[in-house]
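Listed below are the residues making up each chain.
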Amino acid sequence: MGSIDGTRPKLSKDNKKLLKKQAKAKHILLKHEGIETVLHLSQSLVVANGGLGNGVSRQQLLAVLERCGKVETLLMPPNKPYAFVTYSSAEEAIKAYSSLSGQELCGEDAEQPITLYLSFVEKVVVKEVLSPSLPPGLIIVEDFVSPEQERTMLESIDWDSETSSQKSLKHRRVKHYGYEFRYDNNNVDKDKPLPGGLPDFCTEALRKCVQIGLIKHDPDQLTINQYEPGQGIPPHVDTHSAFEDEILSLSLGAEIVMDFKHPNGSVVPVMLPQRSLLIMSGESRYLWTHGITPRKFDVIQVSEGQTVGTISGNSGELTLSKRSTRTSFTFRKVRHSPCDCAFPSECDSQQTQKEKSPPTVGELGASTLEREYVHKVYDDIAGHFSSTRHTPWPKIGDFLASLPKGSLVADVGCGNGKYLGVNKDLCMIGCDRSKNLVDICRERTFEAFVCDALSVPFRAGAFDACISIAVIHHFATEERRIAALQELIRLLRKGGKALIYVWALEQEYKKNKSKYLKESKTSQGPSSDALGTNLAVKAPLPIHTNRTSFHSQDLLVPWHLKPTNKSKVTPENKEQNEKEHGPDSVYHRFYHVFCEGELEAMCNRLSNVAVQHSYHDQGNWCVILEKL
Ligand SMILES: O=C(O)CCC(=O)C(=O)O
Ligand SMILES: [Fe+2]
Ligand SMILES: [Zn+2]
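Residues numbered from 1 in each chain as written. Chains lettered and ligands numbered in written order. Predicted model: local features only at pLDDT ≥ 70, side-chain atom pairs only at ≥ 80, totals over all residues. Heavy atoms only, no water.

Now for unusual backbone geometry. Within the chain, Ala470 stands out as a residue other than glycine whose phi angle is a positive 55 degrees. Of note, Ala470 is situated in the loop between strand S26 (463-469) and helix H11 (478-491). For Ala470, a relative accessible area of 34% puts it in the partly exposed group. One non-glycine residue, Gln618, adopts positive backbone phi at about 50 degrees. When its relative accessible area of 36% is taken as the criterion, Gln618 is described as partly exposed. (Helix = DSSP H or I, 4+ residues; strand = E, 2+ residues; numbered from the N terminus. Buried < 20%, exposed > 50% of the residue type's maximum accessible area, 1.4 Å probe, protein only.)

Right, here's the structure in full:
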C-alpha cells in the first residue's frame, strides 16, 4: 500500500521486489516443506533456490557463502530447492542475509541464473534418512577392467555399421550382440540368434567373471547402451522369461547413479563407478526395478572413499556430479525354459499360467459392468454425491499449488469439480463420464465436458499436468486401468506431471486407520448382509460393508442415496428409484481397490513415464508421474 505517512523510509523499487519475492519464498518453504523461518537473527539461514534440486553444487554454494564468514555446516537435502547454512556466529549470518539475498547464481546446469533468497531459521532440522542397504542379491565389483581394457572396449564398438541390432532410441544409443533385444515386446527372438555371437573385445572381461566365480551361466547376449548427459533408461525389470538369473552391467567411460526401486516404493540410488561391474541376481534382478533417471547431474556423496554403492541420505555430505558419456555393457544369458523364480508378482512366466484360468470379468463384461455399476450410478447419485464432496484434499491442493502459474491442467474424472477452482493461477479443464456431475461443474461455472477417460478428445501433449482422482479404480480389468493411465499420459507434454489417486485395499497404513474407516457411523444404513435386493443377486461381485476393511480387490461398494435439494424426491421418482434400487435406494459402484505397490508397478510398466513420488494418503495409493 502506498504509505505516505513519512515515518517509514521509502523503499527502492528493487528492494520492494526483493522483499516481496523473499516473502513468497518463505511462504513456499512453510507450505511445502514445513520449514518455519523466524524474524529474529540467528546463526542459521535457509537458502531458498540454493539447493541440489536447483542444480547448485555444494562447492558452488560454499564458495558464495564463505565470502560472508566461516561456514560451520551446510546441509543440502537431495533434490530439494533449498539448503541450510549455519555460520559460526550470528554476525556472519546477518552479513550473508543482507549481502546474498537476491543475489543471482548460475547453477551448474544453468540455462538461466537463479536468485537466492535467505531467511533466518531457529535451528536446522532435516529428516536424516539412514543410508539404505543395497538391494539383496546386488553386487558391485570395483575396477573390474583396467583403464587400457576400458579404452580398447570403447574403441572397438562399431557404432557406424548400420545393422538392425543397432538403434538410436530416444533416450540413448543401443547396440545388440548375440540376440537382438526387442523393445516392442521386451524379449528376444530365441530362435534367431544374430550372426557372430558376442564380440571378441568382451572375451577377456567375461573370462574374468567366470574365473572368479561371479556367474553360473555363460552370457550369450550383450546390449551396449550409451548415455549422453541428460539421457537415461526408464525403470524396469528385465523380462524374467527372456533371461536367466544373473545380469551383468559393466560401466565404462563414466560413473552414473542407478536407481533401484522395490514394489513397496522404496528407492535405493546406487553409484556405479567407472570401470565397475554390477551384478544383479535374485531379488535385485527379479523384484526390484532398475533405471537411470534422465538428468545431467547426479546427487552423490562428497566424502572421499565413498565412490561405490548406496548414496547416503545425509544432507551434510551431498553434492552434484556432472555426468559425462557412459557406455554400459549388459551381459545376459537367454533363457530357454519358463522362469520359476520366487517372485511371481513380477514374473511373466508365472503370470501366463495364471491367465489361462477363466477371467472373472471378461473384456465385454468389463464395459457392461462399468456402464451399470459406475456410469449409471454416478448419474443417479450425482446430486447427493456432490453434496458429500466439498473439501479438497490437502496433498492434491499442494500438487496443484506446485504447478507454475498459467499451467494448462486436465482433471480427468473431475466429478463435481472439487479441484477445478482450487488454484486460480491455473487453467483447468475437467471431464467426467457422468453428465449430471458435469452439469454440476458447469453450474459452478467451471470448464467441464462429458467424455470417457479411455478416450479424451484432446491432442497428445496438450497439457502441462493432469490429475486423475479416484477414477482408475472404477475400471474393471487391468488392461482397461492401464489404458486409462496411458490416455492420461498421452495428454501430457514431455516433462508434464500427472497426479493419480486410487482407493487402497489397505485402509489401515502404518497403524493409522484411514478417514474412511474412522468415519464409521451407525447411521450408515444396512450392512451388506441385509441387502437382499435384485441387484445383489445379479451382481457377480462381493458387496462391501461400508467403513470396514476390504476383503477382496474387486467389489461393489454400496451408496445409500439420500435426497438432496437438487434431487427432490417426488412420488414418481421415489417409486422409480425403489423399483430399481430397493426401498433404501442403495446403489452399488464397482471398485478395484489397489494393493500396495500395484499402482506404481503399473506405472513402471509404461516406457514414457517416471514415477517421481509414490505415497499413501487417507486410504489411497497415490503417484506423481513425469512424462519422459
Ligand atoms: O545401462 C545399464 O547399466 C543398464 C541397462 C539395462 O538395464 C538394460 O539394457 O536392460
Ligand atoms: Fe535392465
Ligand atoms: Zn520370474
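Further remarks concern the side chain of Asn620. Position of Asn620 relative to the elements: it lies in strand S33 (residues 620-627). Side-chain polar atoms of Asn620 contact the backbone oxygen of Gln618, separated by 3.1 Å. Discounting chain neighbours no more than four positions away, the residues touching Asn620 are Trp393, Tyr501, Val502, Trp503, Ala504 and Tyr615. (Polar contact = N/O pair within 3.5 Å; in protein donor to acceptor, adjacent residues only side chain to side chain. Contact = heavy atoms within 4.5 Å.)

The next subject is the site of ligand 1. Surrounding ligand 1, one finds Asn225, Tyr227, Ile233, His236, Asp238, Ser249, Met258, His290, Arg326, Ser328, Thr330 and Arg332. His236 places a polar side-chain atom, nitrogen or oxygen, 3.1 Å from an oxygen atom of ligand 1. Measuring from an oxygen atom of ligand 1, one finds a side-chain N or O atom of Ser328 at 2.7 Å. Out of a free accessible area of 300 Å², ligand 1 has 96% covered by protein chains. (Near = heavy atom within 4 Å. Areas by Shrake-Rupley, 256 points an atom, 1.4 Å probe, with all protein chains shown as cover.)

Moving on, we get to the coordination of the iron ion (ligand 2). Protein coordination of the iron ion (ligand 2) is provided by His236 (NE2), Asp238 (OD) and His290 (NE2), with donor distances spanning 2.1 to 2.2 Å. Positions of the donor residues of the iron ion (ligand 2), expressed as sequence spacing, correspond to H-x1-D-x51-H. Residue Asp238 is found in the loop between strand S13 (233-236) and strand S14 (247-252), and its partner His290 is found in strand S18 (residues 289-292); the two are separated by 52 residues along the sequence. (Donors = N, O, S within 2.8 Å, 3.2 Å for Na, K, Ca; no water.)

Right, let's talk about the coordination of the zinc ion (ligand 3) for a bit. Of the protein atoms, only His240 (ND1), Cys339 (SG), Cys341 (SG) and Cys347 (SG) coordinate the zinc ion (ligand 3), at distances of 2.0 to 2.4 Å. Bound by four donor atoms, the zinc ion (ligand 3) shows angles of 98 to 130 degrees at the metal and therefore tetrahedral coordination geometry. Of note, the donors binding the zinc ion (ligand 3) are all from one chain and are spaced H-x98-C-x1-C-x5-C. Highlighted residues: His240 in the loop between S13 and S14 and Cys347 in the loop between strand S22 (326-332) and helix H7 (348-355), separated in sequence by 107 residues. The two residues His240 and Cys347 agree in class, both being buried. (Tetrahedral: all angles 85-135°; square planar, octahedral: opposite > 155°, others 65-115°.)

This part covers the pattern of salt bridges. In the structure shown here, the tally under the stated rule is 17 salt bridges. Here Glu244 ties to Arg335 by a salt bridge, and the two come within 3.6 Å at their closest N and O atoms. Of this pair, Glu244 sits in the loop between S13 and S14 while Arg335 sits in the loop between S22 and H7, placing them 91 residues apart in sequence. Arg335 shares its class with Glu244; the two are buried. A salt bridge links Arg480 to Glu370; the nearest nitrogen and oxygen atoms lie 2.7 Å apart. Placement of Arg480 in helix H11 and of Glu370 in helix H8 (residues 363-387) is noted, with a sequence separation of 110 residues between them. A residue is classified by how much of its surface remains accessible, and Arg480, at 15% relative accessible area, is buried. Judged by its relative accessible area of 2%, Glu370 falls in the buried class. Several salt bridges converge on common partners, so that one network encompasses Asp143, Glu150 and Arg275. (Salt bridge = Lys/Arg side-chain N within 4 Å of Asp/Glu carboxyl O.)

This paragraph deals with the pairing of strand S23 (residues 408-412). For S23, a buried count of four out of five residues is recorded, marking the element as mostly surrounded by other parts of the structure. Relative to strand S24 (residues 427-432), S23 is paired through five bridges, and the arrangement is parallel. Directly across from Leu408, in S24, lies its bridge partner Cys427. Pairing between S23 and S26: three bridges, direction parallel. Paired with Val409 across the bridge in S26 is Ala465. (Pairing = 2+ DSSP bridges.)

Glancing now at the sheet that holds strand S25 (residues 448-450). Taken together, seven strands build an open sheet; the order of strands is S25-S24-S23-S26-S27-S33-S32 and the sheet is mixed. Two strands in the sheet have a free side with no partner beyond their single neighbour: S25 and strand S32 (609-617). In this sheet, neighbouring strand axes are inclined to one another by 15 degrees on average, regardless of whether the strands run parallel or antiparallel. Note: S32 against S33, eight bridges, orientation antiparallel. Residue pairing across strands places Val611 opposite Leu625, the latter belonging to S33. Across the sheet, helix H10 (residues 435-443) lies against S24 and S25, angled at about 165 degrees from S25, the strand it touches most. Contacts from H11 reach S23, S26, strand S27 (492-503), S32 and S33, with the element oriented near 145 degrees to S27. (Axes fitted to C-alpha atoms, helices over the stretch in contact; angles between N-to-C directions.)

Attention shifts here to helix H2 (residues 58-65). What H2 keeps buried is the set Arg58, Gln60, Leu61, Val64 and Leu65. Taken down its axis, H2 places every buried residue within 165 degrees of arc, on the same side. Those residues of H2 hidden inside the fold are in contact with strand S1 (44-48), strand S2 (71-75), strand S3 (82-87), helix H3 (90-100), strand S4 (104-105) and strand S21 (318-322). (Arc of directions from axis to C-beta.)

Turning our attention to the sheet that holds S18. Pairing is antiparallel in the open sheet, where five strands are placed in the order S13-S18-S15-S16-S20. Each edge of the open sheet carries a strand with a single partner, namely S13 and strand S20 (309-310). Pairing geometry for strand S15 (residues 256-261) and strand S16 (residues 267-272), over six bridges, is antiparallel. By the bridge assignment, Asp259 is partnered in S16 with Pro269.

The biggest cluster of nonpolar side chains holds 35 residues, and the ones touching the most others in it are Val412, Cys466, Ile472, Leu485, Ile500, Leu599 and Leu625. Top element by residues in this core is H11. It accounts for six residues. Of all hydrophobic cores here, the second largest spans 31 residues; its members include Val47, Leu65, Tyr87 and Phe297. (Core = buried A, V, L, I, M, F, W, Y, C linked by side-chain atoms within 4.5 Å.)

Counted under the stated rule, the structure contains 15 aromatic pairs. With a centroid separation of 4.9 Å and 80 degrees between ring planes, the pair formed by Phe458 and Phe463 is classed as edge-to-face. For Phe463, a relative accessible area of 1% corresponds to the buried category. The structure contains a cluster of three or more aromatic residues connected by ring pairs, namely Tyr177, Phe201, Phe329 and Phe331. Stacked on the ring of Trp159, the Lys or Arg Arg173 has its end atom at 4.2 Å from the ring centre. Of note, Lys208 hangs over the ring of Phe144, and the distance from its end group to the ring centre comes to 4.5 Å. (Phe/Tyr/Trp six-rings, centres within 6.5 Å; stacked < 30°, edge-to-face > 60°. Lys NZ or Arg CZ within 6 Å of the ring centre and 35° of its normal.)

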